[in-house]
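# Architecture at a glance
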Amino acid sequence: ISVEHFELYKEKLNIYPNPAGGFTRISFENPERQFLTLDITDMFGRNVNSLKSGTLDAGKYTIDWNTSSVQSGLYFCRLTLGNEPYIKRIIISK
């Protein structure tokens with residue numbers, strides 16, 4: 001992975017706070033009108049929560065995820081923009 005690709009990747013998907021307690025805020029930028037999905041999976045790849053699925057216009061978006069229904073542990077946030085997946089880990093600590 002090149003430095004340029006890593007910097008682009010880093011800017012596409014942001015999660016704060018992380019580690020998270022009762023909620024976390026997921027921010028991402030959609031560069032063009034396209035279909036996207038935003039899902040939370042556990043460390044075994046099982047879908048825990050589908051936060052967004054549909055076509056969105058270009059722009060910056062923020063989604064708050066209420067983590068009260070999940071146990072403490074390691075999760076993954078998967079944003080798929082068109083055919084490009086972006087994945088970041090989320091640690092839930094209660």
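Residues numbered from 1 in each chain as written. Predicted model: local features only at pLDDT ≥ 70, side-chain atom pairs only at ≥ 80, totals over all residues. Heavy atoms only, no water.

This next bit is on the sheet that holds strand E3 (residues 34-42). The sheet built from 4 strands is open, its strands ordered E4-E3-E6-E7 with antiparallel pairing. Lying at the two open borders of the sheet, with one neighbouring strand each, are strand E4 (47-56) and strand E7 (84-92). Averaged over all pairs of adjacent strands, the angle between their axes in this sheet comes to 15 degrees, without regard to strand direction. Alignment of E3 against E4, held across 8 bridges, turns out to be antiparallel. Within E4, the residue paired with Thr41 across the bridge is Asn47. (Pairing = 2+ DSSP bridges. Helix = DSSP H or I, 4+ residues; strand = E, 2+ residues; numbered from the N terminus. Axes fitted to C-alpha atoms, helices over the stretch in contact; angles between N-to-C directions.)

Counted under the stated rule, the structure contains 2 aromatic pairs. For the pair Trp65 and Tyr75, a centre-to-centre distance of 6.3 Å together with 75 degrees between the ring planes defines the contact as edge-to-face. In this pair, Trp65 sits in strand E5 (residues 59-66) while Tyr75 sits in strand E6 (residues 73-81), placing the two residues 10 residues apart along the sequence. Here the two residues Trp65 and Tyr75 agree in accessibility, since each one is buried. (Phe/Tyr/Trp six-rings, centres within 6.5 Å; stacked < 30°, edge-to-face > 60°. Buried < 20%, exposed > 50% of the residue type's maximum accessible area, 1.4 Å probe, protein only.)

The next subject is the nonpolar core. Counting 19 residues, the largest nonpolar core has Ile26, Phe28, Cys77, Leu79 and Ile90 as the members making the most contacts within it. Of all the secondary structure elements, the ones that give two or more residues to this core are strand E1 (13-16), strand E2 (23-30), E3, E5, E6 and E7. Looking at which element gives the most residues to this core, the answer is E6, with 4 residues. Once residues lying within four places of it in the same chain are set aside, the contact partners of Ile26 are Leu13, Asn14, Ile15, Leu38, Ile40, Leu51, Tyr61, Thr62, Ile63, Trp65 and Cys77. (Core = buried A, V, L, I, M, F, W, Y, C linked by side-chain atoms within 4.5 Å. Contact = heavy atoms within 4.5 Å.)

Inspection of every chain in the model, using the stated rule, returns 3 salt bridges. Arg46 is the partner of Asp42 in a salt bridge, and the nearest nitrogen-oxygen pair spans 2.7 Å. (Salt bridge = Lys/Arg side-chain N within 4 Å of Asp/Glu carboxyl O.)

Bringing a nonpolar patch on the surface into the picture now. The grouping of Met43, Phe44, Leu74 and Ile91 at the surface amounts to a nonpolar patch, some 390 Å² of accessible area in total. Mapped onto the elements, Phe44 comes out in the loop between E3 and E4. Residue class for Phe44 comes out exposed when judged on its relative accessible area of 60%. (Patch = residues over 30% accessible without salt bridge, like charges linked within 9 Å, V, L, I, M, F, W, Y side chains within 5 Å. Areas by Shrake-Rupley, 256 points an atom, 1.4 Å probe, with all protein chains shown as cover.)

Looking now at the confidence of the model for the protein chain. On average, residues of the protein chain carry a pLDDT of 88, and 88% of them reach 70 or more. The secondary-structure element of the protein chain with the lowest mean pLDDT is helix H1 (residues 3-12), recorded at 52, while E3 shows the highest, at 96. Contacts of residues 1-9 to residues separated by more than four positions or lying in other chains number 5 contacts, the stretch itself having pLDDT below 50. (pLDDT = per-residue confidence, 0-100.)

With that settled, the discussion passes to unusual backbone geometry. Residue Pro17 is reached from Tyr16 by a cis peptide bond, and omega for that bond is -5 degrees. Among the secondary structure elements, Pro17 is positioned in the loop between E1 and E2. Along the chain, Asn18 connects to Pro19 via a cis peptide bond; the corresponding omega equals 15 degrees.

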